[in-house]
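Residues per chain, in single letters:
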Amino acid sequence: LHYPLRRQRQMCIRDRLDYILAVIFVVLVIMEYIADNQQYYYQEEKYRQKKIGKVADFYKIGFTHTGLWAYMRHPNYSAEQAIWIVFYFFSVIATNLWLNWSIAGALLLVLLFKGSSDFSEEETEKKYPLYKKYIKEVGRFIPFKKKFKI
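Residues numbered from 1 in each chain as written. Predicted model: local features only at pLDDT ≥ 70, side-chain atom pairs only at ≥ 80, totals over all residues. Heavy atoms only, no water.

A look at the nonpolar core
Generally speaking, a soluble globular protein has its nonpolar side chains buried in company with each other. The test is simple: Side-chain atoms within 4.5 Å are what join buried Ala, Val, Leu, Ile, Met, Phe, Trp, Tyr and Cys residues into a set we call a nonpolar core. Only protein chains enter the accessibility calculation, which uses a 1.4 Å probe; a residue whose area is less than 20% of its type maximum is buried, one above 50% is exposed, and one in between is partly exposed. Helix and strand assignments follow DSSP, with helices taken as H or I runs no shorter than four residues and strands as E runs no shorter than two, numbered in order from the N terminus. Throughout, a residue-residue contact means that at least one pair of heavy atoms, one from each residue, lies within 4.5 Å.
Counting residues in hydrophobic clusters, the biggest one holds 11 residues: Ala35, Tyr42, Tyr59, Ile61, Phe63, Trp69, Tyr128, Tyr131, Tyr134, Val138 and Phe148. Of all the secondary-structure elements, those providing two or more residues to this core are helix 1 (2-52) and helix 5 (131-137). Setting aside anything within four residues of it in sequence, one finds Val138 in contact with Trp69, Ala70, Tyr71, Met72, Arg73, Lys145, Lys146 and Phe148. If you look at the next biggest cluster of nonpolar residues, it comprises eight residues, including Leu28, Met31, Ala79 and Val86.

Overview of the layout of surface pockets
Empty space among the atoms becomes apparent when a probe as large as a water molecule is rolled across them. So the rule is basically this: Using protein atoms alone on a 1 Å grid, points that fit a 1.4 Å probe yet trap it form a cavity, whereas open point sets bounded by protein on both sides within 12 Å along at least five of seven lines form a pocket; residues with an atom within 4 Å of a point count as lining. Grid points are joined across faces, edges and corners, and a volume is the space filled by probe spheres set on the points. For this classification, the nonpolar set comprises Ala, Val, Leu, Ile, Met, Phe, Trp, Tyr, Cys and Pro, the charged set comprises Asp, Glu, Lys and Arg, and every other residue, Gly included, is treated as polar.
Taken as a whole, the largest pocket holds about 260 Å³ of empty space. Mapped by element, the contributors of at least two residues to the lining of the largest pocket are helix 1, helix 3 (75-95), helix 4 (103-127) and helix 5. Taken together, the residues that form the lining of the largest pocket break down as six nonpolar, eight polar and one charged. Estimates place the volume of the second largest pocket at around 200 Å³. Forming the walls of the second largest pocket are 11 residues, and the residues nearest its centre are Ile13, Arg14, Leu17, Ile93 and Asn96. Every element with two or more residues in the lining of the second largest pocket is listed here: helix 1 and helix 3. Per-element accounting of the lining of the second largest pocket gives the leading share, six residues, to helix 1. When grouped by side-chain class, the residues that make up the lining of the second largest pocket number eight nonpolar, two polar and one charged.

Thoughts on the pattern of salt bridges
To be explicit about the condition: Take a side-chain nitrogen of Lys or Arg and a carboxyl oxygen of Asp or Glu: if they are within 4 Å of each other, that pair is a salt bridge.
On inspection of all chains with the given rule, the structure shows nine salt bridges. A salt bridge links Asp118 to Lys114, with the nearest nitrogen and oxygen atoms 2.8 Å apart. Of the two residues, Asp118 and Lys114 both sit in helix 4, four residues apart, roughly one turn of that helix. A relative accessible area of 38% places Lys114 in the partly exposed class. One salt bridge in this structure joins Glu121 and Arg140, with 3.4 Å as the shortest N-O distance. Taken together, the residues span a long stretch of sequence, with Glu121 in helix 4 and Arg140 in the segment after helix 5 at a distance of 19 residues. The same class applies to Glu121 and to Arg140, which are both buried.

Digging into a nonpolar patch on the surface
Rules: Patch building starts from residues that exceed 30% relative accessible area and form no salt bridge, then joins like charges within 9 Å and nonpolar side chains (Val, Leu, Ile, Met, Phe, Trp, Tyr) within 5 Å. With residues, only the protein chains shown are counted as cover, and all accessible areas are computed by Shrake-Rupley using a 1.4 Å probe.
On the surface, Ile13, Leu17, Ile20 and Ile24 cluster together into a nonpolar patch covering about 330 Å² of accessible area. Structurally, Ile24 is set in helix 1.

What follows is the structure in structure tokens.
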């Protein structure tokens, strides 16, 4: 009689953790969507203005620097990496093992985005002088510095 109650209590805790992770997952997908759209609309407008020969100062900066981008240099990458880390935590809950096969995917994705952001930052820094200030003021993946202001 004791065992089924304990098992039921464990399942309730696992269910709660699954729901919490599911909410975090949805929030991260929304965050990535917002970040991608902010970058898309900034770049589209910048190139539209360049095409007609009248570029506003806001777009002369050259890189997305408002919205989520004011707090993190790569909010879309941050969200994507965190999504894979959430997948890993789903597997921890399912297997009851902290070290399991799914950690490989999460770690490889983190390394991939680190390398990708190194490359894109190097190129962006060459093109836009204000990017050095942006790097100093804004965290790469985690908003632990301050909000970027011109």
